[in-house]
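# Survey of secondary and tertiary structure
Each chain is listed here by its residues.
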Amino acid sequence: MFFNLSNIKSNPAKVIIICLLFLNILSLTIVYSSLHQRGELKNPDIFYKQLTWIMISWVILIMVSLMNYRLYFDFSSILYIVNICLLLTVYFFGKTTMGAQRWLAIGAFTFQPSELSKITTIFILARFFSSSDRKYFIKGFILPLSLVLLNAFIIFKQPDLGTAVVLVILFLMMGISSKIRKRCFVFLLVSGLLLIPFAGHYLKDYQKKRLIVFLNPNVDPLGAGYTIIQSKIAIGSGKLVGKGFLSGTQNQFNFLPERHTDFIFTIVAEEWGFLGSIFLLLIYWLIIKLILDRTKEMRDPFARCLSVGICSYLFIHIFVNIGMTLGILPVVGIPLIFLSYGGTNLVVSFILVGVFLNICRNT
Amino acid sequence: MGQIIIRRVYLSGFLLLVFSLFYYQIVKGDYYLQRGRNNYVRVIPLRSIRGTIFDRNEVPIAYDKATFNIAVVPYEIQNKKDSLFMKLAEFFDCDVNLIHKNYEKRKTNIFSPVDVIIDCDKMQTLKAKDKFGEVIIINPQPRRLYPQGYEFAHVLGYVKKAVSSLEILKKYGYTPSERIGFGGIEQYYDAYLKGDSGGDLIEVDAKGKIVGFLGERKPEKGKDIYLTIDNRIQTRAYEALGNNRGVIILLDSKKGEILALVSRPSFDPNDFIKGENIKKLFDDENKPLINRGIQATYPLGSTFKPIVSIAALDSKKVTDHTTFNCLGQFNLGMSVFKCAHVHNQENLYDALTHSCNVYFYNIGIITGSQAISQWAKKFGLDSPTKIDLPYEKNGLVPSPLWKSKNLKTPWVKGDTVNFSIGQGFLTTTPLENAMAFNVFATGGYLLSPYLLKKIDTTNAVLSAKVYLGINKELLEPIKQGLRGAVVSEDGTAHQLNNLNLKIAGKTGTAQTTGKSHGWFLGFFPYDDPKYTVCTFMENCGSSFYAVKTTYNFLKDLQDEKIL
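Residues numbered from 1 in each chain as written. Chains lettered and ligands numbered in written order. Predicted model: local features only at pLDDT ≥ 70, side-chain atom pairs only at ≥ 80, totals over all residues.

## Topic: the pairing of strand S3 (residues 60-72) of chain B
Residues and elements named next belong to chain B. Sheet topology note: the strand S2 (residues 53-54)/S3 ladder contains two bridges and is antiparallel. Counterpart to isoleucine 53 in the pairing with S3 is alanine 62. In textbook terms, the turn of a hairpin is the stretch between consecutive antiparallel strands, and for S2 and S3 this stretch comprises five residues, one of which, glutamate 58, has a positive phi near 65 degrees. With ten bridges connecting them, S3 and strand S5 (residues 136-145) associate as antiparallel partners. When the sheet's bridge partners are listed, phenylalanine 68 is paired in S5 with proline 140. By the bridge criterion, four bridges tie S3 to strand S4 (residues 114-120) in an arrangement that is antiparallel. What sits directly across from isoleucine 70, in S4, is isoleucine 117. (Pairing = 2+ DSSP bridges. Helix = DSSP H or I, 4+ residues; strand = E, 2+ residues; numbered from the N terminus.)

## Observations regarding the interface of chain A and chain B
If you look at the interface, chain A gives 38 residues, while chain B gives 32 residues. Where the side of chain A that touches chain B is concerned, the elements lending two or more residues are helix H7 (161-176), helix H10 (224-237), helix H11 (249-252), helix H12 (264-297) and helix H13 (301-325) of chain A. The greatest single-element share of the side of chain A that touches chain B, amounting to eleven residues, is contributed by H12 of chain A. Of the residues that constitute the side of chain A that touches chain B, the class distribution is 22 nonpolar, twelve polar and four charged. (Contact = placed C-beta atoms within 7 Å. Nonpolar A, V, L, I, M, F, W, Y, C, P; charged D, E, K, R; others polar.)

## Description of helix H16 (residues 357-367) of chain B
Residues and elements named next belong to chain B. Most of H16 is tucked away: nine of the eleven residues are buried. Taken residue by residue, H16 has Asn357, Val358, Tyr359, Phe360, Tyr361, Asn362, Ile363, Gly364 and Thr367 as its buried positions. Glycine 368 occupies a position one or two residues after H16 and carries a positive phi of about 95 degrees. (Buried ≥ 20, exposed ≤ 12 C-beta atoms within 10 Å, placed from the backbone.)

## Remarks on unusual backbone geometry
Residue and element names in this part refer to chain B. A cis geometry characterises the amide bond from arginine 264 onward to proline 265, with omega recorded as 0 degrees. On the secondary structure map, proline 265 appears in the loop between strand S12 (258-264) and helix H12 (269-274). Between phenylalanine 524 and proline 525 the backbone carries a cis peptide bond, its omega angle lying at -10 degrees. Along the chain, proline 525 turns up in the loop between strand S22 (517-524) and strand S23 (531-537). Its identity as a non-glycine residue notwithstanding, serine 355 has a phi of 60 degrees, on the positive side. Mapped onto the fold, serine 355 is located in the loop between helix H15 (348-354) and H16. Residue classification places serine 355 among the buried positions, given that 27 C-beta atoms sit within 10 Å. Although it is not a glycine, lysine 502 adopts a positive phi angle of roughly 55 degrees.

The following block contains the structure:
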C-alpha cells in the first residue's frame, strides 16, 4: 500500500480523489465499450461529451471545495426557492424527451433541475436537522418534511418517480441520523409503506407497468419486461471473470437499450464479471466508509448532517441503480453515479463531494 | 446512535448487492450465459434436398421445389406488427389472421425470425423484398411436390415435419424441423431419400443482422429412387376404377415387380405439405388414407377356388376328371348352400370356368378344412407379402384349431363348406390374393412383390421366390380351367376374351355385410404369363363390375400400346 491507514483516516481527501479519478477512467472505458458495436465506434461524440463533462466537473469540484461550507447554511433557503422556481419553469416550458419534461435548455446545454433538487434538499435538511433538538417537532420534523414533499411532488409530476423517491429517502436517512425523535421517522416509514397500494392511482401507465414487470418480468418480455430480462442475462452471463473488454455479447450486439446511461452497470458485470463488479462495489464502499468515518469526528452538527446527506446520496444511487439492473428493485430512472453518461448527475455528484472536501479542510 | 443505524443500512445494502451478484453471476452464471447465447447465436438450418422419386420410365412423381417463406424478427417489429401484417396480407393477397396465427404459433425467441407467410414464389418474394426491405427476411425452403398426387398417394405417402414424432426419431439424428416421410415409399426409403441437413452457425445482433460466422455444415442431397411402377399404367388404373372404392394391381408375373398399385378413394399428398383439408381426410367415412391394396383385408369369394382345387388334387381324393352334379344348391343337414346356376354334371375345368359353388362344396368336404387351410397358408394368404411399403396388413386363414382357440366354438362342416368357396373367416389383402394367384402364372412359385427398381444408379435386387412344391400335373388342369373362364362362351370372365391378350383368370363375388365385393384375378398371355392383374371393387355388387373394369383398364393399355 502506498498510503497507511491512519493517514487515510485523518485525511481521506487524497484517497477519495484517487477513487474519483479511477471511476472517471472506468466511466470513459465503459461508455466507450457501450458505444462500440460490431467493431466500430457509434456516436463517438457521446464519448467526447462525457470527457468534457468530467473535466468541467473537476473544475467545479475544485471551486466548491474552496467555498466554505457554512455558506450553504445561510443560503440553503434561497437555493431551495430558486430550485423550486426552476422546476416550475421546466414544468411549463421545459423540453420534453421520452415522455418526460425534465430538461431545461440553456444555449447548447440541457440540464435537469430535478438533479439540482438533490443538492438543495440536502442543504435545507442539514440546516433544519442540525439546528433542531429532539424537542422541536414542528421545526425539526413537520417543516422539513413538507419542504421535501413539495419538492418531490413537483418532480413526481414531471414525471420522474426515481428522483422523487430519492428525495424522500434522503429525508428519512438524514432524519434518522439526526437528533430528532426516531419514532417520527419510523412512523413515517411505516405509514408510507402502507400507503403504497393506494399510490397506484396517481402513477403514470408506464410507471405502473414497470412495477408490475418488476414483480414478474416475463409478463411482457417484448415490452416493459424486456430491459430487465436482457439486463439480468447480461449480468449473469458475465460469470466470474467476465467476457472481456468490448466482448460482451449483450452489449456489443445491441441487446440492451439505455446501456450507456441507467444500465451501465450491466456492461461492467458482463465484460468484467463478478470480480469486476465486486471491485467496483469496493471502491464505492471505500468512498462511503471514508466519509462516514470522518463524519464521526465532526463537531459541527451542520457539517455532520451535510456529510450524512452526501453519504446517503451516494448510497441511494448505487444501491437503487444496481438493484434495479439486478431485478431486485423496480426500474426507476436513476443513474449510477460517476459511471453513467450524463452531465448533470456527474456535476451534482462532484459538487457534493466538493462540499465534503471543504468540510474536511475546515474541521 | 443514528449514524450507527445508517452505517448498518449501508452495509446491508452493499451485502445484498454482493449476494445478488454472486447468485446471478456465479450460481446461475451458466444459465444466463446460455440464455445470452440463445440471443445471439443462431443456427440457420439448410435443408437437404430430398431425393426425387421416379417411375420406371424416369418420369418424376415426387420432387423438391424451391419455395420461399417470409419471416420477421419479433423484436424488430414489436411496435409496427399489426400494420406490417396488414400490408403483408395485402401484398401477398392472403388472410391477415393467418399471418397472426402463424406468428403466434411459430414464435420462439424474440430475436429469432418467424415464418409468417409460407410458400411464396420467387418473383413475388423478390418484389416483396424490394418493397419491405430489411423488415422481412427471406427463408428459402425446399417443398415436396407430387405432380400426380391422387394417382400415387398410397404408393408414395407424403412428408411431414419430424417434430410430431421427435421422441422416437431423435436417436436417429432427426432435428425437429427436418422432414420425414410418412406412409408409402417416402417412409420406407426415408433413410435414402432424406439426405443430410446442414446449417450455418452465425452470430446476429438484436436486429437479427448477421454479424459473425461461426461455422457451417453443407447439406447433402438425398438419393433418387426409381420405382418399378409405370406412370402410364398407374394413371390408367386410377381412371379405370372411376369413383368406386377398390384396388387395381398389375405386376410383372415373373419378377414380382409392381407396375401399378392403385387404391381408391385417394387423396392428394400435396394437401399434407400445405396442411390443408387434412381433417376432412381423417373424418371421411370412405377412409381415403387407407391403401386398400395392402392395409385392408376382404373375403376372397370364388377367387379362392383355384387354391381349393390344388388342395383337393394334392389330397388325391379328387382328380380333374371327378364330376359332381350341381342342382343349384347343396344340402348339409338342415342347411342349404346356394349356387348361382344349375350347372348339372361338372368336372374341375367346368367348375372353374363357371365358378360352380356346389362342385367346390363337395371337394371341400372331401378334402377337409385342415388341408385347405394348409394350402392357403402355403400360398401366403396369412402372411404379409413383404412388399417395400410400411404398415402392410396380412390376411387370416382359418382352421379348426384357430376357431376353437379364438372363437371358443368348434369347427363345423358348414364352416368347411363356406371356406371352400372363400367365404367365412378367410380374409386377405388384395395384394396377398394377387401374389397367391400369381403362383399359377409362375408355375408354382410364390413371389415377393416390390416397388424399388434402383437407388441412384444402383439396381435393387429385391426379387425373391419360394417354390411351393406343387406337381406340374396338378397345376395344368387348374390353369386350363382359369383359361376356360375367359375363352368359354359361358365363362365368368368371357368379356375379356375380346382383348386377344390370352388371359386366364378367376372372378369372385364375395359376400359381406352390404353389397358384395367384386374380384377379378388374371394373368396373361396364357402360354407364357408376363402380367398378373388383380381388380378388387368394394361393395360393387358382383364380379361382373370387376371384370368390366379390368376390361376397360386393359383395353386402354392395349390401345395405347403400353402392353
